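Coordinate analysis (summary)
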Amino acid sequence: MAEGHHIESALFVIFGATGDLARRKLFPALYNLSAEGILPSGVAIVGVGRRPFDLAYFREKFILPALLDNSRLAGNLLHNFSSFAQRCYYFSLDLRDSSRYRELKNFLDQLDWEWGVQGNRVFYLALAPELFGPVVANLKEQGFLDKGPRSWKRVLVEKPFGWDLDSARALNRELTQAFPEEDIYRIDHYLGKEMIQNIMVIRFANAFFEPVWNNKYIDHIQITSSEKIGVGERAAYYDRAGALRDMLQNHMLQLVALIAMEPPVGLDAQAIRLEKAKVFRSLQPFTRERILQDIVRGQYGPGYIDGEPVPGYREEAGIPADSVTETFLAVKLFVNTFRWAGVPFYLRTGKRLPAKVTEIIIQFKPLPEILYFKEYGELLPNVLVIRVQPLEGIFVQLNAKRPGTNNYIVPIRLDFCQNCGVGTNSPEAYERLLYDALRGDATLFTGWEEVEYAWKFVDPIAQAWATIPVHFPNYAAGEWGPPEARVLIERDGRRWWESPAYMMYPGPFTQVCQYIKGSRAGNPG
Ligand SMILES: NC(=O)C1=CN([C@@H]2O[C@H](COP(=O)(O)OP(=O)(O)OC[C@H]3O[C@@H](n4cnc5c(N)ncnc54)[C@H](OP(=O)(O)O)[C@@H]3O)[C@@H](O)[C@H]2O)C=CC1
Ligand SMILES: O=C1O[C@H](COP(=O)(O)O)[C@@H](O)[C@H](O)[C@H]1O
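Parameters at a glance
Residues numbered from 1 in each chain as written. Chains lettered and ligands numbered in written order. Predicted model: local features only at pLDDT ≥ 70, side-chain atom pairs only at ≥ 80, totals over all residues. Heavy atoms only, no water. Near = heavy atom within 4 Å. Polar contact = N/O pair within 3.5 Å; in protein donor to acceptor, adjacent residues only side chain to side chain. Areas by Shrake-Rupley, 256 points an atom, 1.4 Å probe, with all protein chains shown as cover. Nonpolar A, V, L, I, M, F, W, Y, C, P; charged D, E, K, R; others polar. Axes fitted to C-alpha atoms, helices over the stretch in contact; angles between N-to-C directions. Helix = DSSP H or I, 4+ residues; strand = E, 2+ residues; numbered from the N terminus. Parallel < 35°, antiparallel > 145°, perpendicular 65-115°, else oblique. Left-handed = near helix turned anticlockwise from the far one by under 90°. Contact = heavy atoms within 4.5 Å. Domains from an automatic or database assignment. Buried area = accessible area lost by both parts, 1.4 Å probe. Salt bridge = Lys/Arg side-chain N within 4 Å of Asp/Glu carboxyl O. Disulfide = S-S within 2.5 Å. Buried < 20%, exposed > 50% of the residue type's maximum accessible area, 1.4 Å probe, protein only.

So, about the site of ligand 2. Taken together, Lys159, His189, Tyr190, Lys193, Glu227, Arg234, Asp246, His251, Lys351, Lys356 and Gln389 make up the full set of residues adjacent to ligand 2. Within the side chain of His251, a nitrogen or oxygen atom sits 2.7 Å from an oxygen atom of ligand 2. The contact in question runs from an oxygen atom of ligand 2 to an N or O atom on the side chain of Lys356, over 2.7 Å. Across the complex, the protein chains shield 85% of the 400 Å² of accessible surface that ligand 2 would expose by itself. Looking at the shell around ligand 2 residue by residue, the classes come out as 1 nonpolar, 3 polar and 7 charged.

Structure (structure tokens):
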């Protein structure tokens, strides 16, 4: 997408550079781009945080361990670290103290001169949302955004984009007072995942799929995004957000939009955002009655993950003992368009579930029955699975005749895995997104309209939940959510698909990958 964009020299300024996101995702992504020779030599990185690090400490004691722990290319660090470290700088500043922004500006201007940068900037707000407003206002008022004849300034904003519709609108006002919409890059890192970028290609570049991609042929769609991890060190954030705001409002609805959207008129950001926004706008709003009927929420209690005991959510550090925050939800929703009327989308997401997996399952309707087929076996539905992670690929289930002298019909599976081969190491979502922000391609970022419609859809659910008592915990860590999540789909005569990868290669997913890699290398099992 967006061929023709190219990266010029720029300063990549990370506000919140000493935080968890910077450590686990941003520095590793920038390092990987640098180690693979993709990040041009004229890009320097400036970390801004409160801690009084000096430059040597920041490079050796913060960035280096961050890369060792989190970079997919950590094996090459010895070779590549020093050239990457030379790109990195640090500036200590309390971002609430307006009087010191001038010093930061002088620091950046000096780096411009050293790096031959003509004023181009990416400002990444890896901060708690309440700091977005003050930072952006200071950037504007203190001349950071003044443009030279050819320079550009872009801002990258982390999710969550607000806590509800009102706060999202307020935040958007603050941003748009300083930046035009085309320079605001709202991150939803799922859009940077390889197989999610692939959805449009699978749909619009294959004659097999597009003609049947509608309510005449598709029975229903399932989207699962499950995690084994618990709340970790993000208690303060997560207990306020819950699965509804943390996953459904953004990542999960983005997947719905990519599956349900009409073909865009082009591959530019504007054309794609327009089509996605139409899907968000068409989501059937939830009434209180449907919230009770078609949404299941859950919270994990103590249990086992991979055989190890883990505490319940309410026992995690920083979580109140009476928290009613949901760590799981399953929902049945509808996209009210001509193409999708009547097709249920079943979504489920949660923490402390048995597997880390994101998969989209498209189940097709049965064909009119040909009676004599029945004698030869049960016809299974045709299914297309888009496997997003940890395995990346496409899985198709068909019916075929079993070889032999009889006519038995059996399911066969076409299974393409793009990251199972030896030596494949797919780029991480943030690599693609940071690269795109540097080259000015906003295609994989969310537009304001999408965010606004997503909050309009989600707000009534949060408001209703606040008035409906719940009895948590209602699933043990290591289970697929509360039993009601099964009932939600089974009462419609359907069932959650076990992950095909899981069915074919039972065991933890890391073992699955090793198994497949091993077998490709001629070392089965
Ligand atoms: N962590 C994650 O996996 C994800 C995070 N996000 C979002 O990214 C953002 C950052 O999250 P995360 O990194 O986890 O948060 P952390 O709390 O780990 O880090 C916050 C950062 O903000 C800095 N900071 C806080 N207050 C000030 C201040 N007054 N002046 C200067 N710097 C300040 C901290 O600096 P210092 O430490 O020096 O005080 C630190 O670098 C949040 O919006 C979060 O919701 C989104 C998706 C995933
Ligand atoms: O944005 C978030 O996503 C992660 C899951 O991301 P993934 O790339 O590992 O699938 C989730 O753990 C986190 O709570 C949420 O804020």
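Contact pair helix H2 (residues 55-70) / helix H3 (residues 77-87): the axes reach a minimum separation of 11 Å and the direction vectors enclose 135°. By the angle between their axes, H2 is oblique relative to H3. Considering only the axes of H2 and H3, their crossing is right-handed. Counted together, Arg59, Glu60, Ile63, Leu64, Leu67 and Leu68 of H2 and Leu77, Phe81, Phe84, Ala85 and Gln86 of H3 form the full contact between these two elements. Across the contact of H2 with H3, the residue classes tally to 8 nonpolar, 1 polar and 2 charged.

Ligand 1 sits among 21 residues. The nearest are Thr18, Asp20, Arg24, Arg51 and Leu127. Here an oxygen atom of ligand 1 sits 3.1 Å away from a polar atom, N or O, in the main chain of Gly19. Contact between ligand 1 and Arg24: an oxygen atom at 2.5 Å from a side-chain N or O atom of the residue. With the chains in place, 82% of the 890 Å² that ligand 1 exposes on its own is no longer accessible. The residue makeup of the shell around ligand 1, split by class, is 9 nonpolar, 4 polar and 8 charged.

Let us now look at the domain arrangement of the protein chain. By domain assignment, the protein chain separates into domain 1 (10-158) and domain 2 (194-428 + 440-500). Once you take the C-alpha centre of each, domain 1 and domain 2 turn out to be 34 Å apart. Tallying the contact residues gives 7 residues for domain 1 and 7 residues for domain 2. Carbon and sulfur atoms make up 39% of the area that domain 1 and domain 2 hide from each other, which totals about 560 Å². In terms of surface lost to domain 2, no three residues of domain 1 exceed Arg72, Arg154 and Leu156, which account for 63% of the buried area on that side. The tally of links from domain 1 across to domain 2 stands at 0 salt bridges. Put simply, the parts of the chain that give the side of domain 1 that touches domain 2 at least two residues each are helix H1 (20-35) and strand E5 (153-157). Residue composition of the side of domain 1 that touches domain 2, grouped by class: 2 nonpolar, 1 polar and 4 charged.

All chains considered together, the criterion is met by 1 disulfide. In this model, Cys417 is linked to Cys420 through a disulfide, with the two sulfur atoms separated by 1.9 Å. Note on the Cys417 and Cys420 pair: the S-S dihedral is about 75°, so by sign convention the disulfide is right-handed. Here Cys417 matches Cys420 in class, with each residue buried.

Further remarks concern the pattern of salt bridges. Scanning the model with the defined rule gives 29 salt bridges in all. Here Lys105 ties to Asp109 by a salt bridge, and the two come within 2.9 Å at their closest N and O atoms. Separated by 4 residues within a single helix, Lys105 and Asp109 lie in helix H4 (residues 101-115), roughly one turn from each other. Since its relative accessible area comes to 16%, Lys105 is described here as buried. Taking the relative accessible area as the measure of exposure, Asp109 reaches 32% and is therefore partly exposed. Three or more residues are tied together by salt bridges with common partners; here these are Lys105, Asp109, Asp112 and Arg121.

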